[in-house]
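Coordinates in review
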Amino acid sequence: MRPTRCAGVLLTAILGGCASLPPLDMRSTSHAIEAPVGSGLRSGIEPLAASHPEESGIYPLKDGPGALAARVALVNAAASSIDVQYYIWHDDTTGELMFDALLQAARRGVRVRLLLDDLTTRGGLDSTLAALGSHPNVEVRLFNPFRHRKLRALGYLTDFSRLNRRMHNKSLTVDGVATIVGGRNIADEYFQAGAGLGYIDLDVLAIGAVVRDVSRSFDAFWDSDSSYPASLLLAPAQPADLAKLAALGERARGTPGADRYAAAMRDSQLARDLATGRLPFVWARTHLVVDDPAKGLGKSAKGADLARRLEDDLDHRVSEEFLIVSPFFVPRDLGRDMLIGIAQRGVRIRVLTNGAESCDVDAACAAYRTYRKDLLKAGVGLFELRRGSGRARSVEAGGAATSLHAKTFAIDRAQIYVGSFNFDPRSAQLNTELGLVIDSPQLAGELSRAFDDAVPLVAYQLELDPGGNIVWLERTEGGEVLRLPDEPGAGFWRRTWFGFLAFLPIEGEL
């Protein structure tokens, strides 16, 4: 290729990367809608909600197959509307099963609104989204989208400030009466499928007062200046794309390992118990904490962000016990000092996170390691998930590695948070986040008991020896305690790599 032609191709690519996004003035407006009186879910939920007018019913979704079955069951039971908001959606087995469930709901006449962050839609997902969005009952929008669909790196060169901000929210709301909120995205690893990485994660199914707040939040993101109709960005669906979409469900059900999820969905009592009022909800005052969608453009009002509200709550309300479960734990100096200050008031603090053996983002692990000794000296209890020993093996599939992905914390065995917020700078400053704060001694107490009983069997507990060096305690179910002077999963070269990453000025991006 001649130099002038090379330059022309490069210039065309760069101009494509710099192309402006389409205007939003012709974008349609829609709002959350509830199912008609007497419909299946609403008829089962309304009597329960009426008997707890200021509370919400909370049902934890702890295991992966059950969490997927709950989503499919709700979608299958929908009568009027489904609002779906996720950070990641892969075109793997679980992703295809969910796409198929949404398609079948749309064919029944249910309105489907699907809002996805655009960071991980690369690959073959564009054609699937275009095909799904071509159905008259489905609209797909992309949050902070890439204008150039293939050469996305060019977008970062020309529009980094916007594209560096992502929508990390996760929610699925059906008929305006039931919602699932938590840490899981839609991909095999979040439901312990396949032979790759398997995540330990947590969602809750909620009904009652808080569902309308989740619906209003979805509307705000749906109509935000960051949300673009996919039809303005994607090539129109071709006949082959429509045929592929129609066959997704059958193909997904035929993949290896799909029988486990088919059985979970077939045997799930959730939809039936929900419709008949027999699902054992925990009833509690619950409020939604969510970022302003304008945070996606760096325009949210200072002091209004989820992180600041949570920080204010913690600083003023915790008095006895503070428990943190976060896959990425990068407190920075401000968070470290806040935790040390809380510990100095006599509060017992325990943290479960990923260590070198279980982390899937080395840069986050490298940053976390720089805070360990200061926190341990202040009396903060640190636990690092083991790769797959003890009870952690129950969440593995085919020998897969285990990593923590749940995001939850509890205060004084009285209040618990479940959502998408990581204890790291990206959640606090860059991404939008969503979660529920639940005033429930029962649920908060369960997390406290887990730290007493289960966590020490699946995680290393860290402590300092007399010389100030970190030691990792490994407990067995037989009661034996092994003291490991070397960091599990971190040999010489990996420690060197962590040291290099910690030296880089990237902590604010983690």
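None of the values given here were measured: they were computed from a predicted structure.

What counts as what
- Residues numbered from 1 in each chain as written.
- Predicted model: local features only at pLDDT ≥ 70, side-chain atom pairs only at ≥ 80, totals over all residues.
- Heavy atoms only, no water.
- Helix = DSSP H or I, 4+ residues; strand = E, 2+ residues; numbered from the N terminus.
- Expected span 1.5 Å × (residues − 1).
- Buried < 20%, exposed > 50% of the residue type's maximum accessible area, 1.4 Å probe, protein only.
- Core = buried A, V, L, I, M, F, W, Y, C linked by side-chain atoms within 4.5 Å.
- Contact = heavy atoms within 4.5 Å.
- Pairing = 2+ DSSP bridges.
- Axes fitted to C-alpha atoms, helices over the stretch in contact; angles between N-to-C directions.
- Parallel < 35°, antiparallel > 145°, perpendicular 65-115°, else oblique.
- Nonpolar A, V, L, I, M, F, W, Y, C, P; charged D, E, K, R; others polar.
- Salt bridge = Lys/Arg side-chain N within 4 Å of Asp/Glu carboxyl O.
- Polar contact = N/O pair within 3.5 Å; in protein donor to acceptor, adjacent residues only side chain to side chain.

**As for unusual backbone geometry**
For Asp 175, which is not a glycine, the phi torsion comes out positive at approximately 60 degrees. Of note, Asp 175 is situated in the loop between strand 5 (171–174) and strand 6 (178–182).

**Section: helix 13 (residues 332–344)**
Between its first and last C-alpha atoms helix 13 spans 18 Å; for 13 residues at 1.5 Å apiece the expected length is 18 Å, and the two agree. For helix 13, every residue scored as buried is listed here: Gly 335, Arg 336, Met 338, Leu 339, Ile 340, Ile 342 and Ala 343. Of the residues one or two after helix 13, Gly 346 is the one with positive phi, at around 95 degrees.

**Side note on the nonpolar core**
Core analysis: the largest hydrophobic core is formed by 67 residues, its most contacted members being Ile 82, Trp 89, Leu 114, Leu 129 and Leu 205. The residues contacting Leu 205, other than those within four sequence positions of it, are Gly 57, Ile 58, Tyr 59, Leu 61, Leu 74, Ala 178, Thr 179, Ile 180, Leu 270, Leu 279 and Phe 281. In this structure, Val 181, Leu 385, Ala 406 and Ala 444 belong to the second largest nonpolar core, which totals 37 residues.

**Description of the pairing of strand 5**
Along a regular strand, successive side chains alternate from one face of the sheet to the other. Side chains Ser 171 and Thr 173 project from strand 5 onto one buried face, and the interleaved Leu 172 and Val 174 project onto a second face that is buried too. By the bridge criterion, four bridges tie strand 5 to strand 6 in an arrangement that is antiparallel. Residue Leu 172 lies in a different strand from strand 6, and its bridge partner there is Ile 180. Two successive antiparallel strands, strand 5 and strand 6, enclose a turn made up of three residues, where Asp 175 displays a positive phi of approximately 60 degrees.

**Comments concerning the environment of Tyr 228**
Topologically, Tyr 228 is positioned in strand 9 (residues 227–229). Sequence separation of Tyr 228 and Pro 23 is 205 residues, and the distance between their C-alpha atoms is 8.9 Å.

**Description of the packing of helix 14 (residues 362–369) against helix 19 (residues 492–503)**
Viewed as axis vectors pointing N to C, helix 14 and helix 19 meet at an angle of 85 degrees, and their least axial separation amounts to 8 Å. For the element pair helix 14 / helix 19, the angle class is roughly perpendicular. Within the contact between the two elements, helix 14 uses Asp 362, Ala 363, Cys 365, Ala 366 and Arg 369 and helix 19 uses Arg 494, Arg 495, Trp 497, Phe 498, Leu 501 and Ala 502. Residue composition of the contact of helix 14 with helix 19, by class: seven nonpolar, no polar and four charged.

**Notes on the pattern of salt bridges**
Under the definition given, this model contains 36 salt bridges. Residues Lys 62 and Glu 446 are paired through a salt bridge, measuring 3.6 Å at the closest nitrogen-oxygen approach. One end of the pair, Lys 62, is in the loop between strand 1 (56–61) and helix 3 (64–77); the other, Glu 446, is in helix 17 (residues 441–452), with 384 residues separating them in the sequence. Its relative accessible area of 55% is what places Lys 62 among the exposed residues. Using a relative accessible area of 29% as the deciding quantity, one classes Glu 446 as partly exposed. Across the pair Arg 426 and Glu 509 runs a salt bridge, and its minimum N-O distance is 3.2 Å. With Arg 426 in helix 16 (residues 425–430) and Glu 509 in the segment after helix 19, this pair connects stretches of sequence that are 83 residues apart. Note on Arg 426: relative accessible area 16%, which makes it buried. A residue is classified by how much of its surface remains accessible, and Glu 509, at 35% relative accessible area, is partly exposed.

**Focus: the environment of Arg 345**
Tracing the backbone shows Arg 345 in the loop between helix 13 and strand 12 (348–354). Each C-alpha atom of the pair Arg 345 and Glu 320 lies 8.8 Å from the other, and the pair is 25 residues apart in sequence. Among the polar contacts listed, one links the side chain of Arg 345 to the backbone oxygen of Val 318, at a separation of 2.9 Å.

**Here's the deal with the pairing of strand 15 (residues 408–411)**
Alternating positions in strand 15 separate into two faces, Thr 408 and Ala 410 on one and Phe 409 and Ile 411 on the other, with burial throughout. Where strand 15 meets strand 16 (residues 415–419), four bridges bridge the pair, whose relative direction is antiparallel. Residue pairing for strand 16: Ala 410 is matched across the bridge by Ile 416. Counting the residues in the hairpin turn of strand 15 and strand 16 gives three residues, including Asp 412, whose phi is positive at 55 degrees.

**As for the packing of helix 5 (residues 125–133) against helix 8 (residues 239–246)**
Between helix 5 and helix 8, the shortest axis-to-axis distance is 9 Å and the interhelical angle comes to 85 degrees. Comparing their axes, helix 8 and helix 5 come out roughly perpendicular. Two secondary-structure elements touch here, helix 5 through Ser 127, Thr 128, Ala 131 and Leu 132 and helix 8 through Asp 241, Leu 242, Lys 244 and Leu 245. When the residues that make up the contact of helix 5 with helix 8 are grouped by side-chain class, the tally is four nonpolar, two polar and two charged.

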